[in-house]
Amino acid sequence: MTIADFRSDTVTRPTEAMRRAMAEAEVGDDVFEDDPTVRKLEERVAALFRRPAALFVPTGTMGNQIAIGLSVRPGDEVLMEEKSHTYHFEVGGASRLWGAQARLYPSDRGVPDAATVAALVRQENVHVPRTRLCLVENTHNFHGGRVVPKESITALRRALPGTVRLHLDGARLWNAHVRTGTPLADYAAHADTVTVAFSKALGCPAGSAVIGEEEEIREARRLRKLLGGGMRQVGVLAAPCLVALDEGFERLAEDHRRARRLAEAFGVDPKTVESNILFVPVPDAKAVEAAFRADDILVIATSNTEIRLVTHRDVGDAEVERACAAGARILGRGGEGGPGA
Ligand SMILES: Cc1ncc(COP(=O)(O)O)c(C=O)c1O
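Residues numbered from 1 in each chain as written. Predicted model: local features only at pLDDT ≥ 70, side-chain atom pairs only at ≥ 80, totals over all residues. Heavy atoms only, no water.

Asks: Quick question: what am I supposed to make of the side chain of Arg-322 here?
Replies: Structurally, the position occupied by Arg-322 is in helix α14 (residues 317-331). Buried within the structure, Arg-322 lacks any salt-bridge partner; Asp-296 is the closest side chain of opposite charge, at an N-O distance of 5.2 Å. Residues in contact with Arg-322, not counting those within four places in the same chain, are Met-1, Thr-2, Ala-4, Asp-295, Asp-296 and Ile-297. (Helix = DSSP H or I, 4+ residues; strand = E, 2+ residues; numbered from the N terminus. Buried < 20%, exposed > 50% of the residue type's maximum accessible area, 1.4 Å probe, protein only. Lys, Arg positive; Asp, Glu negative; His and termini not counted. Salt bridge = Lys/Arg side-chain N within 4 Å of Asp/Glu carboxyl O. Contact = heavy atoms within 4.5 Å.)

Asks: Would you mind showing me how to read the pattern of salt bridges here?
Replies: Two side chains with opposite charge may pair up if their charged atoms get near one another. Taken as a whole, this structure holds 26 salt bridges when the rule is applied. Here Arg-221 ties to Glu-42 by a salt bridge, and the two come within 3.6 Å at their closest N and O atoms. Of this pair, Arg-221 sits in helix α10 (residues 214-226) while Glu-42 sits in helix α2 (residues 36-48), placing them 179 residues apart in sequence. Assessed through its relative accessible area of 18%, Arg-221 is described here as buried. The exposure class of Glu-42 is buried, given its relative accessible area of 9%. Across the pair Glu-254 and Arg-257 runs a salt bridge, and its minimum N-O distance is 2.9 Å. One end of the pair, Glu-254, and the other, Arg-257, are both in helix α12 (residues 252-266), three residues apart, so they sit about a helical turn from each other. With a relative accessible area of 32%, Glu-254 lands in the partly exposed category. Residue Arg-257 is classed as partly exposed on the basis of its relative accessible area, which comes to 32%.

Asks: Before we go on, may I ask you to explain the packing of aromatic side chains in this structure?
Replies: For any pair of aromatic rings, the description rests on two quantities: the centre-to-centre distance and the angle between the ring planes. What the rule picks out here adds up to six aromatic pairs. Where Phe-89 meets Phe-142, the ring centres are 4.9 Å apart and the plane angle is 40 degrees; that geometry is what we call tilted. With Phe-89 in the loop between α4 (85-88) and α5 (93-98) and Phe-142 in the loop between β5 (131-137) and α7 (150-159), this residue pair connects regions lying 53 residues apart in the sequence. A network of ring pairs unites the aromatic residues Phe-49, Trp-174, Phe-198 and Phe-249 as a single cluster. A cation over a ring is seen here: Arg-232 above Phe-32, with NZ or CZ 6.0 Å from the ring centre. (Phe/Tyr/Trp six-rings, centres within 6.5 Å; stacked < 30°, edge-to-face > 60°. Lys NZ or Arg CZ within 6 Å of the ring centre and 35° of its normal.)

Asks: What is the right way to read the environment of Thr-302 from this model?
Replies: Inspection of the secondary structure puts Thr-302 in strand β11 (residues 300-303). Spatially, the C-alpha atom of Thr-302 lies 32 Å from that of Gly-75, the residues being 227 residues apart in sequence. The contacts of Thr-302, once residues within four sequence positions are left out, are Phe-142, Phe-279, Ile-307 and Arg-308.

Asks: Would you mind going over the packing of helix α13 (residues 285-294) against α14 with me for this structure?
Replies: The geometry of a pair of packed helices is captured by two quantities: the angle between their axes and the separation between those axes. For the pair α13 and α14, the least separation of the axes is 10 Å and the interaxial angle reads 130 degrees. Accordingly, the angle class assigned to the pair α13 and α14 is oblique. In terms of crossing hand, the pair formed by α13 and α14 is right-handed. Contacts between α13 and α14 involve Val-288, Ala-291 and Phe-292 from the former and Ala-323, Ala-326, Gly-327, Ile-330 and Leu-331 from the latter. A class-by-class count of the residues in the contact of α13 with α14 yields seven nonpolar, one polar and no charged. (Axes fitted to C-alpha atoms, helices over the stretch in contact; angles between N-to-C directions. Parallel < 35°, antiparallel > 145°, perpendicular 65-115°, else oblique. Left-handed = near helix turned anticlockwise from the far one by under 90°. Nonpolar A, V, L, I, M, F, W, Y, C, P; charged D, E, K, R; others polar.)

Asks: So what exactly am I meant to see when it comes to the sheet that holds strand β9 (residues 277-281) here?
Replies: Each strand in a sheet pairs with another by means of backbone hydrogen bonds, the pair being arranged parallel or else antiparallel. The three strands are arranged β9-β12-β11 in an open sheet whose pairing can be described as antiparallel. Lying at the two open borders of the sheet, with one neighbouring strand each, are β9 and β11. For this sheet, the mean angle separating the axes of adjacent strands, direction not counted, is 35 degrees. As defined by bridge partners, β9 adjoins strand β12 (residues 306-310) across five bridges and the pair is classed as antiparallel. Within β12, the position partnered with Ile-277 by the bridge is Val-310. Packed on one face of the sheet, α12 meets β9 and β12 and runs near 10 degrees to β9. (Pairing = 2+ DSSP bridges.)

Asks: Looking at this structure, I do not really get the state of the cysteines. What am I missing?
Replies: For the structure on display, the rule yields zero disulfides. Take Cys-204: it sits in no disulfide, and the sulfur closest to it among the cysteines is that of Cys-241, at 4.2 Å. Of the residues examined, Cys-204 reaches a relative accessible area of 1% and is grouped as buried. (Disulfide = S-S within 2.5 Å.)

Asks: For this particular structure, what's the right way to read the pairing of β11?
Replies: Two faces make up the sheet, and in a regular strand the side chains alternate between them. Two strands pair when backbone bridges link them, and β11 and β12 are joined in this way by three bridges, in the antiparallel orientation. Bridging from a neighbouring strand, Ser-303 pairs with Glu-306 of β12. A loop of two residues connects β11 with β12, the two strands running antiparallel in sequence.

Asks: How do you make sense of unusual backbone geometry when you look at a structure like this?
Replies: The phi angle of most residues is negative, glycine excepted, and most peptide bonds adopt the trans form. Residue Thr-139 follows Asn-138 across a cis peptide bond; omega there is -5 degrees. By secondary structure assignment, the location of Thr-139 is in the loop between β5 and α7. Here Val-91, not a glycine, exhibits a phi torsion of approximately 55 degrees, which is positive. Positionally, Val-91 belongs in the loop between α4 and α5.

Asks: Where do I start with the site of the ligand in this structure?
Replies: The environment of the ligand is formed by Thr-59, Gly-60, Thr-61, Asn-64, His-85, Glu-90, Glu-137, Asn-141, Asp-169, Ala-171, Arg-172 and Lys-200. Here an oxygen atom of the ligand and a side-chain polar atom of Arg-172 are 2.9 Å apart. Here an oxygen atom of the ligand and a side-chain polar atom of Lys-200 are 2.9 Å apart. Looking at which element gives the most residues to the shell around the ligand, the answer is helix α3 (residues 60-71), with three residues. Grouping the amino acids of the shell around the ligand by side-chain chemistry returns one nonpolar, six polar and five charged. (Near = heavy atom within 4 Å. Polar contact = N/O pair within 3.5 Å; in protein donor to acceptor, adjacent residues only side chain to side chain.)

This is the structure we're talking about:
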């Protein structure tokens, strides 16, 4: 039986069309800014978000770290959501690379309350760090793909003083857009910078983009070089991203439907599953992960008591039904007819 891989949407294989585009990509040296495929992608992404400029970067982590680097000096403070990727999974980059310290804000499963976050901004005082940046993750990975509504981002921008910049970690912003119908540009309207990823829901082999104002993206280019992300004939990686943009985002609704189906079968309230990520509470996550693996189904234990499943282009209805049946057997819940069946 083939392996059904629900560990992450990053495991998706590039499509034939993407592979063809890679083979045929027109390339140049992107450090000299003359790779035509990269330039085309950057212009297209900037236009999609109705912002002046975008920069192609190898990973979402580098994109977020560049956004932090643009905003802080050593000793400054960055507000991060307590379960955010930037805080937990970027190797302490804010402090390690830029000398900034993180201050965590609580949220309603990923959705920030503007007044709560604004109250954490430091007053100017000789003793304390300066709050320079606030990060928002949308959709929120470790809050189960939760969508942050554009109204929450607008409210946050209004509540924060002008001295505090806003960065949107939109690695899965495409999913938020498909779930809500909110135009991508509306999410970006109140953020100073945005990162989006091509290597997750859109299923490209690699690549993210940082979006912002012209001058800042020029500086971002320097920071990218500093971090070792100045790539050369990288049109071969930008080309599949253009294919993904041509294909559009509608397909993601299928991923969202399948994640809800998994939720029903695993006894999780499907209303809490807004996009393509599902967390399931289990008694012994490592044992459950191993039991699924024995059935050629890959899930990931994200703590001792939780597994995560993520839907993507390479897991269709057949794989989802296999996972539901395995879930019924392993966890003793749900299965064919949904919860309790
Ligand atoms: C919300 C979020 N932001 C950023 C990243 C980092 O992306 P990358 O793996 O491309 O560095 C991830 C990766 O899973 C993510 O989930």
